[in-house]
Amino acid sequence: MLDRLVLGILLQGLTLLWSGPACEASSLGLVVHVVPLDSDGGKTVRAHFSVIAANPCPDLSGLCATGEDCVLHPASLPFNGSKPDSGWCVRQWQKTVPSDYNANVTLGSNVEFYVSLKAAPKIRENSGRLNQPPYVALPPPLRARVNCPHHIHLSVKDLDGDRVHCRFARADQGECLNCSLHSFIELDEEKCMLSFTGDASAGQYPLVLMVEDRLPVPKMSHFTDNQPLSSVPVHLSLTVEEASSSCSAEPIATGETPEEDTTIYVLPYEQVDLTVSFTSELESVLEIAVVGPPALLRSGLKSAGSLTNLAMAWVRGQNKLAPLLPICFAANTNSLQSEPRCVWLYQREMRDLPAGTELKCEKTEMTLVLPVATLQNINLNELQLNSPTCPVSYNSTHLIARISLTGCGTKIVHSGTELVYTNTLQSVRPYSVVSRLPSLVLPLACRIPRVQATGPQYQIAIPSEEEAFGNFTVWLEFHFPGSGPLQEFTRVPNFRHLHTFPEAGRLRRAAAMPQSQSFSFPREGIGSKVNMLDLHVMSDCNIERAEMMVGKCVESETEDFADSHPILDQGCMAANSTLEVITTRKNSRIYRLDMSSIKAQGTTMFVECTVYLCIATLPSQTCPDSCTRSTDNRGLVDNVFTTTYTIQSGPISLVVTTAAPTTTAVITTTTTTTTTTTAASGITTTAPVITAVHNTTTSHAPEEASAMTVGVICSAITIILQHIFLY
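First, a word on scope: everything that follows refers to the structure included in this document. (Residues numbered from 1 in each chain as written. Predicted model: local features only at pLDDT ≥ 70, side-chain atom pairs only at ≥ 80, totals over all residues. Heavy atoms only, no water.)

Remarks on the packing of aromatic side chains
Aromatic rings considered in pairs are described by the distance between their centres and by the relative angle of their planes.
And then number 1: Applying the stated criterion to the full structure yields six aromatic pairs.
And then number 2: Seen from their ring centres, Tyr265 and Tyr346 are 5.5 Å apart, and the 45 degrees between their planes marks the pair as tilted. With Tyr265 in strand β18 (residues 263-266) and Tyr346 in strand β25 (residues 341-347), this pair connects stretches of sequence that are 81 residues apart.
And then number 3: Its relative accessible area of 46% is what places Tyr265 among the partly exposed residues.
And then number 4: Connected via pairs of aromatic rings, a cluster forms that spans Phe184, Phe196 and Tyr205. (Phe/Tyr/Trp six-rings, centres within 6.5 Å; stacked < 30°, edge-to-face > 60°. Helix = DSSP H or I, 4+ residues; strand = E, 2+ residues; numbered from the N terminus. Buried < 20%, exposed > 50% of the residue type's maximum accessible area, 1.4 Å probe, protein only.)

So, the pattern of salt bridges
And then number 1: This model, assessed by the stated rule, comprises 15 salt bridges.
And then number 2: Across the salt bridge formed by Arg143 and Glu241, the nearest N and O atoms sit 3.0 Å from each other. Here the residue Arg143 occupies a position in strand β9 (residues 142-145), and Glu241 occupies one in strand β16 (residues 230-241), the gap between them amounting to 98 residues.
And then number 3: Given a relative accessible area of 4%, Arg143 falls into the buried group.
And then number 4: A salt bridge links Arg145 to Glu250; the shortest N-O distance between them is 3.0 Å. Note that Arg145 is positioned in strand β9 and Glu250 in the loop between β16 and β17 (252-254), a separation of 105 residues in sequence. (Salt bridge = Lys/Arg side-chain N within 4 Å of Asp/Glu carboxyl O.)

Quick look at the state of the cysteines
In a disulfide, the sulfur atoms of two cysteines are covalently bonded to one another.
And then number 1: A complete count under the given rule lists nine disulfides for this structure.
And then number 2: Shown here is the disulfide that connects Cys64 with Cys70, its sulfur atoms set 1.8 Å apart. Taking the sign of the torsion about the S-S bond as the criterion, the disulfide between Cys64 and Cys70, at about -55 degrees, is left-handed.
And then number 3: A relative accessible area of 16% means that Cys70 is categorised as buried.
And then number 4: Note on cysteine connectivity: Cys553 is disulfide-linked to Cys609, with sulfurs 2.0 Å apart. As the torsion about the S-S bond is roughly 115 degrees, the Cys553-Cys609 disulfide counts as right-handed. With Cys553 in strand β38 (residues 547-556) and Cys609 in strand β43 (residues 604-616), this pair connects stretches of sequence that are 56 residues apart.
And then number 5: Its relative accessible area of 0% is what places Cys553 among the buried residues. (Disulfide = S-S within 2.5 Å.)

Right, dumping it as structure tokens:
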């Protein structure tokens, strides 16, 4: 009897252990995209691995052995994020493995995971080709909140048009090790939809699924022996956090953000540009987390009010990546996450034209000579280049096109270390014409190595932040109402009423104060508690149209801000007793703080703010109000912004030490520290002195592209049949 009792207790303990949160997940996510190799009839496959690992980010050493068909994708611009709090990064590589593959994979020194895929070769009756396993997109690490039900859509594709199913992996079939089901996670296998019920404690939970393709059969069919053609793994990790706000307050995709599961067809050397936008009414967006293909460029976040944008670009150069490439993204705030969304880049398979085709790349133009015999059933009168103003001529034997490198719709893109001039010869038909004849899409590319791409007349001049805003400094100051350098505005202040959080979007009177009220120096005795302070966010930028923009301000009792409380968020009130003092100074902001509402309980506090400067591109316009709820995408396009700077104050006394307290915190990006005090000061603060750093920015393009060399051929270079593709 005792043995049975002990056994029962052990079984209950193991059950709780398996169903509880993972103490340390082996990875935060994994997918394998599988491409069967025709060279051996599909007995081996090229497996494209994408793994999300917690920080510290592991290296790629040890993944490829000598002589293996294995390619690492070291990232010059890595995919990473700060949420969940451990932080994460993505590691990618490709390797030729058996079509049925099971292995323990070690990544760096601290990440180990088990992978199982089943892609045994199957010849499809409808095409006579090898079956292509399904593709599943890897989203950024997933987040949810306690007691907040949540749906997670897995984005899947199949090149053969098969039906795709998702199911939980099974240990008894060798698909996972120590994998367990969670009662609070449900799965719709046909829709590949995960549902989180909300009935889970805070923690991190691993999920292992298998994605399978099956032959499409009518729903009314009685055909039951429809076994999966292949199975590929997807590992996910769901981090459940304590709820601190409404379950429906997550950031929402808006504007130009592509729809979920959008497919974008990409020609060779074509550049794809994407812009994703999110609105967040409750909390500032900290990051737009992205997981995508190697060499995906991303610009810095651009924010205006509740709207945050991220621009991305990808160029299809020569690569051995999978034909389908997902890009997944989600917006993270401190405690919220948007619904993850994925789009797909489809590298359509191209076939080379027969012998006799010739493309010459010269100093100012490329010349295409194409045998007419290769264009059977193609209407030559319908062929044109990117620009119809450049003629295409032909006779009975050859088609000839002279294509200017600076005209004819020729585009210039960067691909690795090469400068590439691209154009397209294609069939163009009137919309009213319906034809059964085939059409032609012929990408043309002249690739110029960087060492040959020179010439200052073709270098792009990009204005730097310093050129736009000059040399400037930003800093914080704290003064009693009616004192300090802007006392003419604070003695008899006019207040601007701000939105408050969490009830964003609804105007509220921030404090029971009249619009104008006169203040004199405080009469409290030394040692008494400070009742009211003015927070000055200052800059010495002397550009007439430059405006100071304040993002977020928090206060804390400790210098490391381990436990902080908001004062402002997105330029809006985060406390019921914060008011903005209206001034005529565009390069500074003043906020009146009711110190009775400050959370700090000791005798000192610290304040940290994020700030940036803005210039409207048109003199008739002003920069967007960071607190308005009506900001649209134009607010990010029609203005020039500086880098966002983080300013931290030194210790601010919460008790009166002399008759008129004053404090100054000057911020730069150096590490020099100074102490600023005033003879009449009742508050003394120590703060780092930092000079604003000016980073090069790029208009209408990812910032990273500005570092690439841009040029043109200095002498005539002839490249015969360089790269010409046809569907």
